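Now for the letters of each chain:
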Amino acid sequence: MTTPIPQPPGVPFLGNVNTIDRDLPIKSFELLTQQYGEIFQLNIFGARRIIINSYKLQAEMSDEKRFIKNISANLKQVRAAASDGLFTAFPDEPNWGKAHRLLMPCFGTAAIFGMYDGMMDIIDQLVTKWERFGPHEDIDPAADFTRLTLDAIALCSMSYRLNSFYREEPHPFAIAMTDFLLESGRRSARNALVQAIMTQTNAKYEADIATMGQLVSSILEDHKIRPPAKPDLVTVMLNGVDKETREKLPEENIRANLLTFLIAGHETTSGMLTFVVYYLLKNPEAMRKLRDEIDTKIGGRRVTTKDVNQLPYLLAVMREAMRLGPTAPARSVTPIHDDAVVTGNNGQYLLHKDEPCILVTFNVHRDPKVWGDDVLEFKPERMLDGKFEALPPNAWQPFGFGLRGCIGRPFAWQEAQLALISIFQRFDLVMRDPTYELEIKQTLTIKPHNFYVRAIPRTDRPRMLLNPSSAPIAAPGEPAQIASDVSPANGLKPMYVFYGSNTGNSESFAQRIVSAAPTHGFAATLSTLDMAAEHLPKDGPVLILTASFEGLPADNAKHFVEWAENVKAADAFAGIKYGVFGCGNTDWVSTYQRVPKLIDDALEARGAIRLVDRGVGDAASAEFFDAFDKWEEMVWAKLSTEYGAVKSEQAVGLEIKTVSSSVVRAELLRQRDMGFGTVIENKVLTAEGHPPKMHIELALPEGFTYRAGDYLAILPTNPERTVRRAMARLNLDSDAEIEISSTAPTHFPTGKPVSVFNLLSGYVELQQPATQRDLEALIAAAPETAQAALKDLVANYADKVFAPRLSVLDVLEEQPSIPLTLGPLLHMLPAMRIRQYSISSSPLWNPTHATLTLAVVDAPARSGRTEPYLGVASTYLASLRGGDKVQCAVRPSAAAFHPPTDPGVPLVMICAGSGLAPMRGFLQERAEQKRAGRAVAASLLFFGCRDPRGDFLYGDAELKEWAELGVVDVRPAFSRCVGESAGCRYVHDRIGHDKAEVVAAYDAGAKFFVCGSGRILQGVKETIVELVKEVRGISDEVEAQKLLNHIMQGRFATDIFE
Ligand SMILES: Cc1cc2nc3c(=O)[nH]c(=O)nc-3n(C[C@H](O)[C@H](O)[C@H](O)COP(=O)(O)OP(=O)(O)OC[C@H]3O[C@@H](n4cnc5c(N)ncnc54)[C@H](O)[C@@H]3O)c2cc1C
Ligand code: HEM
Ligand SMILES: Cc1cc2nc3c(=O)[nH]c(=O)nc-3n(C[C@H](O)[C@H](O)[C@H](O)COP(=O)(O)O)c2cc1C
């Protein structure tokens, strides 16, 4: 008996045509695989297509006696240009055999070695371009790698120069080809009648084919007029005679093959290079190991063919990048005989002769049965030390299989190695936007999209001369490139401020220093820490402000920390003078201030001179801002003695002039990775009289993707009422506009008119507690009558300012006699921060929409003031209506905080209030999987709220539905209706009450997730320790804790809404 193959629901006539994303089919395949598993079928206009996603099935179908290459609907369209060229030839077309036999020797090892000069010629052009760009220019690696690989295949195999690096735009061939491949893909999913009436599209298609054909003609003509000194692929095709048939290749087939090589020979390799760079930049440890390998084995000399395949770590990096980013993401085969039965993990499936079966390499490379639970992580180590060779047969198939496997593999492999070595010898690459998350663009191939880097020339060793046209060569040991944008005007001295920040505190402190620098005689450069990796300047003081996240660096400090921790030379940092300020939170007991401390120690240990003691800011304490203020004072005092900088009273940071209110208001984006999402729905989940919780559905900005458990970062605006309060206190009318100019880098829009309302709405935090320094500044400006009250605030800062969160605005309102104007106020206010929210949906529900489950902060102010306290972002989000636009970005959560790939693994989820958000996403995912017929384990959800009729979020809706589906067993704890939750008030009480089920779930292999406040986590941990004591018969607390840590390793993940 065979198992039926599941199919997603479709519609009459079209079938599943709309199930698949037109622009990014691979994403649809990935999500459908999560939902339906190892095999599913699609109905495309009545024709069945089988989609294969597991290793087990792929391995069985990699058998040329039973399965043969199928020219898929997509490739049939590509035949419009490439006809019976090698890639698109039907299996029985005679020209395939002739061309295959003639051309195979052209791709042997010796032949490929012979192409070294051509490859290096083009690689040098790329490197030269990047050298000339310098460290501040944005580079689109996919575009430059396309130039590289297209020019290399044309030069090495056809002796023809395309000179793509000398053009602003891509080569016309590349443009025509991209459009042609895109349209071919679309045609394969289009009805013939519709196609016929799309006259403009059809004309463009023909024109693209003609453009590509013209290049082929030029290459052929050139060859006939000036045959190359060294025979190449074209020579072989023009003159070669097939040994088997004794025939030459027909001219039409030569043209088809030339086009095939131009297409197949560059698009895939440029994608591979871009994936390698992306994954390396996302994984600083791998980047460092690769650099070390290149530095040790090759150093400063020019790479040669002898180095090819001799760098094991480089090979592992390339193999791992091709596992996660197979640029040819799928191939199509068909059974040779009828009634082929294949055996998967969950059953036996019947396939029919000539039926297209798409082997989705992208998914098979993510099969946890081969690669383990950490399939989505980039780990070159899994390809090292014999592990690649020990993989089960056909587990790694980015180059296809068998006779129809890739003929150009050795070419691509050598070219990529030479290029990567040459690049990393000369540059430290950094992402333009360190929070960039992979977006994929798909034509026939896939590659990273909207991905930009900067190339900082390495100054840690002499540069190599590339070719005579190379950029002027810098002397070893010259000042690091990072210094180049500092122009210390007016006798100001250079200084450097670097930050590592996820949520904006460290960045905001760094900004304060930079703004104040001119008044202390310095011109400061502000940058992320990653920009300073390998490039810490020595010609001025270096200040570092940075945070820790679960003991790890912020997204924009990962490369720096990796470098600082691993640098070898004892005097690596000699000549650097520095100071570090750490933002941290004592709630993270064991990793409090880990990263700032590590950086401070590492710099000193390798010869840098510490100018001031490390500053320590605890975000959980009243002294957070004060600690920074004190440290900053210490810094300026030390810098003035150490550098003899003169304090200048004139050099004020911000200059403001009032301009006409008719000037159009400036609109500036503050975070680079943010796009505009659109609100679809915003509804209240709670009953009247309960603190409001909202459910917000957003259509994500185009191209954004997410996983269940990820966050949405929101750039909010201040509540209108708070802004109006500030305007009123400053006595400004609502239309007032100003123009800001600044002598230092600032987060304010400068040099253009901006309305004060917009400025106060979007650029500053108005409700943060006033700092001691703010209060001192107010005292300095205040009249005698206000002095006593202000001094009282300073004297009792923790109780009267920090705990009740008394803001500068609150103080100004309380003391109307203080004559503060906008400029000094802007100086005091920190920059607006993003807020993160756990996404409460799953992409299996809708990959382009995400929902949030939000607690609105709206309560009587702790300060006792009459105005209620309105949280910035939650008030902003709560006010949105359908159609409103929101600046947002998806940010990944910790690797452990995602549902396990196997839906058969049960979950134990513990949360309260809006902490339900990620759990809702997990359950929604599992519900979709269950409906698709997959075996889904039932999970336990411990949920805390007040009352079943007031704030039991989704209790009567999705949670009920999913419980009925058998996906979840909800165990509530109603703090105000304990009678309805088995007498349990809080979630930890409920866990204690239901301990038998918790232990059973643990024994069944469950993973545990806790989400909400730090308080909840504490309560849950204590209850679980008690449980361990009871179950294992241990009385000692410490021993039980140790055992708990041990048995929960890899099975307990937390997400704390700080
Ligand atoms: C990883 C992560 C995931 C998160 N996910 C979610 C989620 O899914 N859903 C969700 O709702 N939230 C979530 N949060 C919390 C969220 O990011 C915001 O912190 C929260 O919405 C408050 O932001 P706000 O801008 O509205 O308030 P803010 O303006 O930032 O004000 C909050 C501050 O005001 C203080 N405060 C609160 N009430 C008062 C009062 N009455 N008087 C004086 N001060 C007060 C708080 O202690 C806090 O310090 C998450 C946080 C993190 C770190
Ligand atoms: C990283 C780079 C590359 C990848 C990932 C790749 C991948 C593939 C895959 C998966 C196939 C099989 C397709 C199928 O089964 O339908 C294939 C075939 C092919 N590739 Fe590549 N390729 C790469 C580079 C190249 C290069 C550089 C060339 C040319 C120099 C090339 C030329 C071809 C040709 C001609 C075929 C068809 C072979 C045949 O059917 O006889 N490829 N490639
Ligand atoms: C998920 C998360 C994990 C954190 N982990 C740590 C930690 O391990 N050690 C620490 O000192 N602080 C930790 N913190 C606190 C942050 O470092 C602190 O909020 C800091 O001010 C953030 O700085 P930033 O705004 O510049 O990113 C963590 C905060 C969050 C939200």
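Parameters and conventions
- Each chain carries its own residue numbering, running from 1 in the direction its sequence is written.
- Here the convention is simple: chains get letters from A, ligands get numbers from 1, in the order in which they are written.
- At least 70 in pLDDT is required for a residue's local features to be given in this predicted model, at least 80 for side-chain atom pairs to be given and counted, and no such filter applies to totals for whole chains, interfaces and linings, which use all residues.
- Side-chain measures here rest on the full set of heavy atoms in the structure, leaving out hydrogens and waters.
- Under the scheme applied here, a residue whose accessible area is under 20% of the maximum for its type counts as buried, over 50% as exposed, and between as partly exposed, the area being computed with a 1.4 Å probe on protein chains only.
- Here a strand is any run of E in DSSP of at least two residues, a helix any run of H or I of at least four, and the numbering for each starts at the N terminus.
- Pairing between strands is defined by DSSP: at least two bridges between the two strands are required.
- To get an axis, fit a line to the C-alpha atoms, keeping to the stretch in contact for a helix; angles then go from 0 to 180 degrees between the N-to-C directions.
- Nearness of a residue to a molecule or strand requires only that one of the residue's heavy atoms be within 4 Å of it.
- Pairs of N or O atoms are called polar contacts if they sit within 3.5 Å, as long as, within protein, a hydrogen donor faces a hydrogen acceptor (for residues adjacent in sequence, only side-chain-to-side-chain pairs).
- Left-handed describes a crossing whose near helix is turned anticlockwise from the far helix by less than a right angle; the clockwise case is right-handed.
- Throughout, a residue-residue contact means that at least one pair of heavy atoms, one from each residue, lies within 4.5 Å.
- Asp, Glu, Lys and Arg are counted as charged, while Ala, Val, Leu, Ile, Met, Phe, Trp, Tyr, Cys and Pro are counted as nonpolar; the rest, among them Gly, fall into the polar class.
- For Na, K and Ca the donor cut-off is 3.2 Å, and for all other metals it is 2.8 Å, counting N, O and S atoms only; because water is absent from this set, sites may look incomplete.
- All accessibility values rest on the Shrake-Rupley procedure with a 1.4 Å probe; residue burial counts only the protein chains present in the view.
- Points on a 1 Å grid, built from protein atoms alone, make a cavity when a 1.4 Å probe fits but cannot get out and make a pocket when they are open with protein on both sides within 12 Å along at least 5 of 7 lines; residues with an atom within 4 Å of a point are the lining residues.
- Grid points are joined across faces, edges and corners, and a volume is the space filled by probe spheres set on the points.
- On a range of 0 to 100, pLDDT expresses the predictor's confidence in each residue.
- Here the aromatic set is Phe, Tyr and Trp, taking the six-membered ring for Trp, and pairing holds for ring centres within 6.5 Å; pairs whose planes are under 30 degrees apart are stacked, those over 60 apart are edge-to-face, and all others are tilted.
- Either the NZ atom of lysine or the CZ atom of arginine qualifies as a charge over a ring when it sits within 6 Å of the ring centre and within 35 degrees of the ring normal.

**Considering the pairing of strand β6 (residues 348-351)**
Phase 1: Here β6 shows one buried face, formed by Y349 and L351, and one open face, formed by Q348 and L350.
Phase 2: Of the pairings in the sheet, the one linking strand β5 (residues 340-343) to β6 comprises four bridges and is antiparallel in character. Counted as the bridge partner of V341 is L350 from β6.
Phase 3: Where β5 hands over to β6, the hairpin turn is made up of four residues, counted between the paired strands.

**Quick look at the sheet that holds strand β20 (residues 693-699)**
Phase 1: Strand order in this open sheet of six strands is β24-β21-β28-β19-β20-β25, and the pairing throughout is antiparallel. With partners counted over all chains shown, the strands left at the sheet margins are β24 (835-838) and β25 (849-855), one partner each. Ignoring which end each strand starts from, the neighbouring axes of this sheet average 40° apart.
Phase 2: Two strands pair when backbone bridges link them, and strand β21 (residues 711-714) and β24 are joined in this way by four bridges, in the antiparallel orientation. Bridge pairing in β24 links Y711 to S838.

**Thoughts on the site of ligand 3**
Phase 1: Lining the immediate environment of ligand 3, one finds 20 residues, of which S501, N502, T503, N505 and T591 sit closest.
Phase 2: The contact in question runs from an oxygen atom of ligand 3 to an N or O atom on the backbone of S548, over 2.8 Å.
Phase 3: Between Q593 and ligand 3, the recorded distance is 2.8 Å, taken from a backbone N or O atom to an oxygen atom.
Phase 4: Contributing elements (two or more residues each) for the shell around ligand 3: α19 (505-516) and β15 (577-584).

**Regarding the packing of helix α6 (residues 116-133) against helix α18 (residues 409-426)**
Phase 1: Contact geometry of α6 with α18 gives a least axis separation of 10 Å together with a crossing angle of 35°. Our pair here, α6 against α18, has a crossing hand that is right-handed. Each of Y116, M119, M120, I123, L126, V127, W130 and E131 in α6 lies in contact with α18, whose residues at this interface are F411, Q414, E415, L418, A419, S422, I423 and R426.
Phase 2: For the contact of α6 with α18, a count of residues per class yields eleven nonpolar, two polar and three charged.

**What to know about the coordination of the iron atom of ligand 2**
Phase 1: Counting protein donors to the iron atom of ligand 2 gives just one, C406 (SG), placed at 2.3 Å.
Phase 2: Structurally, C406 can be placed in the loop between α17 (368-371) and α18.

**Description of unusual backbone geometry**
Phase 1: Even without being a glycine, S83 presents a positive backbone phi close to 20°.
Phase 2: The class of S83 is partly exposed, set by a relative accessible area of 28%.
Phase 3: Phi at N309 takes a positive value of approximately 65°, unusual for a residue other than glycine.
Phase 4: Following the sequence through the fold, N309 ends up in the loop between α14 (284-297) and α15 (312-324).

**Quick word on the site of ligand 1**
Phase 1: Not every one of the 24 residues close to ligand 1 is listed here, only the nearest: Q836, Y837, A855, A873 and S874.
Phase 2: Separating an oxygen atom of ligand 1 from a side-chain N or O atom of R835 is a distance of 2.9 Å.
Phase 3: Between ligand 1 and S874 there is a distance of 2.6 Å, counted from an oxygen atom to a side-chain nitrogen or oxygen.
Phase 4: Protein burial of ligand 1: of its 990 Å² of free accessible surface, 81% is covered by the chains.
Phase 5: Of all elements in the fold, only β24, β25, β26 (858-860) and α31 (872-878) reach the threshold of two or more residues within the shell around ligand 1.
Phase 6: The element contributing the most residues to the shell around ligand 1 is β24, with four residues.
Phase 7: Class assignment of the residues belonging to the shell around ligand 1 gives a composition of 14 nonpolar, six polar and four charged.

**What about the pairing of strand β4 (residues 331-335)?**
Phase 1: Within β4, five of the five residues are buried, leaving the element largely enclosed by the surrounding structure.
Phase 2: Examined bridge by bridge, strand β3 (residues 67-69) and β4 share three bridges and lie antiparallel to one another. Residue pairing in the sheet places F67 in a bridge with P335 of β4.
Phase 3: Alignment of β4 against strand β7 (residues 357-359), held across three bridges, turns out to be antiparallel. Within β7, the residue paired with V333 across the bridge is C357.

**Digging into the sheet that holds β3**
Phase 1: Pairing is mixed in the open sheet, where five strands are placed in the order β1-β2-β7-β4-β3. Single-partner strands in this sheet number two, and they are β1 (39-44) and β3. Along the sheet, successive strands turn relative to each other by an average axial angle of 35°, direction set aside.
Phase 2: Packed onto the sheet, helix α1 (residues 25-36) meets β1 and β2 (47-52) and runs at close to 125° relative to β1.

**A short note on empty space enclosed by the protein**
Over the atoms a probe the size of a water molecule is rolled, and this reveals where empty space is left.
Phase 1: Per the counting criterion, the structure on display carries five cavities of 30 Å³ or more.
Phase 2: As for the largest cavity, its lining consists of 17 residues, and the residues nearest its centre are R725, Q767, D810, A861 and Y869.
Phase 3: Elements supplying a minimum of two residues to the lining of the largest cavity: α24 (720-730), α29 (808-814) and β27 (868-870).
Phase 4: At three residues, β27 tops the list of elements feeding residues into the lining of the largest cavity.
Phase 5: Of the residues assigned to the lining of the largest cavity, the class counts are seven nonpolar, three polar and seven charged.
Phase 6: Considering only enclosed or pocket space, the second largest cavity measures out at about 80 Å³ in volume.
Phase 7: Forming the boundary of the second largest cavity are 16 residues, of which Q768, P769, D774, M828 and P830 lie nearest the centre.
Phase 8: In the lining of the second largest cavity, the residues fall into nine nonpolar, four polar and three charged.

**Focus: the confidence of the model for the chain**
When pLDDT drops low, the exact placement of atoms in the prediction is not to be read closely.
Phase 1: Averaged over every residue, the pLDDT of the chain is 90; the share at 70 or more is 95%.
Phase 2: Note on residues 461-488: pLDDT under 50 across the span, and 55 contacts to partners over four residues away in sequence or across chains.
Phase 3: When the criterion is pLDDT under 50, residues 659-670 qualifies, and its contacts beyond four places in sequence or with other chains add up to 30 contacts.

**Some words on the packing of aromatic side chains**
Phase 1: Counted according to the given criterion, the structure contains 34 aromatic pairs.
Phase 2: Residues F522 and W636 carry aromatic rings whose centres are separated by 6.2 Å and whose planes lie at 35° to one another, so their mutual orientation is tilted. In this pair, F522 is assigned in strand β13 (residues 522-528) and W636 in helix α23 (residues 624-643), connecting sequence segments 114 residues apart.
Phase 3: A residue is classified by how much of its surface remains accessible, and F522, at 1% relative accessible area, is buried.
Phase 4: A relative accessible area of 7% means that W636 is categorised as buried.
Phase 5: Between Y1002 and F1008 the ring centres are 6.4 Å apart and the planes differ by 50°, which places this aromatic pair in the tilted class.
Phase 6: On the basis of relative accessible area, Y1002 is assigned to the buried category, the value being 19%.
Phase 7: Joined through ring pairs, the aromatic side chains of F275, Y278, Y279, F378, Y436 and F451 make up one cluster.
Phase 8: Here the guanidinium or amino end of R323 rests over the ring plane of W371, the centre of that ring lying 5.1 Å away.
Phase 9: The ring of F362 is capped by R366, whose NZ or CZ atom sits 3.7 Å from the centre of that ring.

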